[in-house]
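# Examining the three-dimensional arrangement
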Amino acid sequence: MRLGLLLLLAPLLAGAQGLPGSESVILRVDAESVYGHLFRPAAKGRAPAMVIVHGFGGVSDAREGFWARELAAFGVATLVVESFTARGVGSSIDDQSRVSTAQGVRDAYAALGYLAQQEFVDPRRIGVMGMSWGGTVALRAADRRRQGDGPAFAASIPLYPGCVAQYRNPQP
């Protein structure tokens, strides 16, 4: 019985380990769940926020954790989205088709929706930031044509995004 329960909860517990200084969050994305690591700023009141999307190597404390803690120290709430672990992918460096950019964009929107509902976040000041694959996700998630009627990203910080996307008709 205990072994069965442990096996059932193992994926959740593995993802819930989190980044140092963060709270673990589970985000619903369509019919799936992905993990997030929430860093709250120390200041009271409604803060700006940043969704941070990892690259092909997955979440790293030295990269995403660093940026999340730095931004939180400046008063910006941060939510690091972990798109791979819950989907059984540790890294997609060797096979970049395992989690699509479109899935990453949906994950980013789920994080945006989550942050917009938090009482300590100003829903009009939520940005998206990503490195490598996450940079491409940040570019696509900030495209106003894709944002629909729900909350929208106020800023996008793509750090070294992939160079495979061509925008023939860019929109403001």
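Note that the coordinates shown come from a computational prediction; the quantities given were computed from them, not determined experimentally.

The next thing to look at is the pattern of salt bridges. Overall, the coordinates contain 8 salt bridges when judged by the stated rule. Across the pair Glu 23 and Arg 40 runs a salt bridge, and its minimum N-O distance is 2.5 Å. Here Glu 23 is found in strand E1 (residues 23–29), whereas its partner Arg 40 is found in the loop between strand E2 (32–39) and strand E3 (47–53), with 17 residues between them in sequence. A relative accessible area of 43% means that Arg 40 is categorised as partly exposed. Note that Asp 61 is salt-bridged to Arg 69, the shortest N-O span being 2.8 Å. Judged by relative accessible area, Asp 61 falls into the partly exposed class, the value being 33%. Among the charged side chains, a salt-bridge network with shared partners connects Glu 32, Arg 87 and Asp 107.

Here the focus is the nonpolar core. Core analysis: the largest hydrophobic core is formed by 32 residues, its most contacted members being Leu 27, Val 51, Leu 115, Ile 126 and Phe 153. Looking at this core, the elements with two or more residues in it are E1, E2, E3, strand E4 (77–82), helix H3 (101–116), strand E5 (121–131) and helix H4 (133–141). Here the element with the most residues in this core is H3; it accounts for 8 residues. In this structure, Ile 52, Ala 72, Val 76 and Met 131 belong to the second largest nonpolar core, which totals 11 residues.

This part covers the sheet that holds E3. Spatial strand order, E1-E2-E4-E3-E5-E6: 6 strands in an open sheet with mixed pairing. The outermost strands of the open sheet, each flanked by one partner alone, are E1 and strand E6 (155–159). When strand polarity is set aside, the average angle formed by the axes of neighbouring strands in this sheet is 25°. Here H3 sits on the sheet in contact with E1, E2, E3, E4 and E5, set at roughly 120° to E1.

Okay, the packing of aromatic side chains next. Given two aromatic rings, one states the distance between the centres and the angle between the planes to describe the pair. In this structure the tally under the stated criterion is 4 aromatic pairs. Both rings, one in Phe 84 and one in Trp 133, keep their centres 5.4 Å apart while their planes meet at 45°; by these two values the pair is tilted. With a gap of 49 residues between them, Phe 84 in the loop between E4 and H3 and Trp 133 in helix H4 connect regions that are remote in the sequence. Each member of the pair, Phe 84 as well as Trp 133, carries the same accessibility label: buried. Taken together, the ring pairs connect Phe 56, Phe 84 and Trp 133 into an aromatic cluster.

This paragraph deals with unusual backbone geometry. Located in the positive-phi region is Asp 30, a residue other than glycine, with phi close to 55°. Within the secondary structure, Asp 30 is located in the loop between E1 and E2. The exposed category is assigned to Asp 30, whose relative accessible area is 61%. Despite not being glycine, Tyr 160 has its phi angle at roughly 40°, a positive value. One can find Tyr 160 in the segment after E6.

Cut-offs applied
Residues numbered from 1 in each chain as written. Predicted model: local features only at pLDDT ≥ 70, side-chain atom pairs only at ≥ 80, totals over all residues. Heavy atoms only, no water. Salt bridge = Lys/Arg side-chain N within 4 Å of Asp/Glu carboxyl O. Helix = DSSP H or I, 4+ residues; strand = E, 2+ residues; numbered from the N terminus. Buried < 20%, exposed > 50% of the residue type's maximum accessible area, 1.4 Å probe, protein only. Core = buried A, V, L, I, M, F, W, Y, C linked by side-chain atoms within 4.5 Å. Pairing = 2+ DSSP bridges. Axes fitted to C-alpha atoms, helices over the stretch in contact; angles between N-to-C directions. Contact = heavy atoms within 4.5 Å. Phe/Tyr/Trp six-rings, centres within 6.5 Å; stacked < 30°, edge-to-face > 60°.

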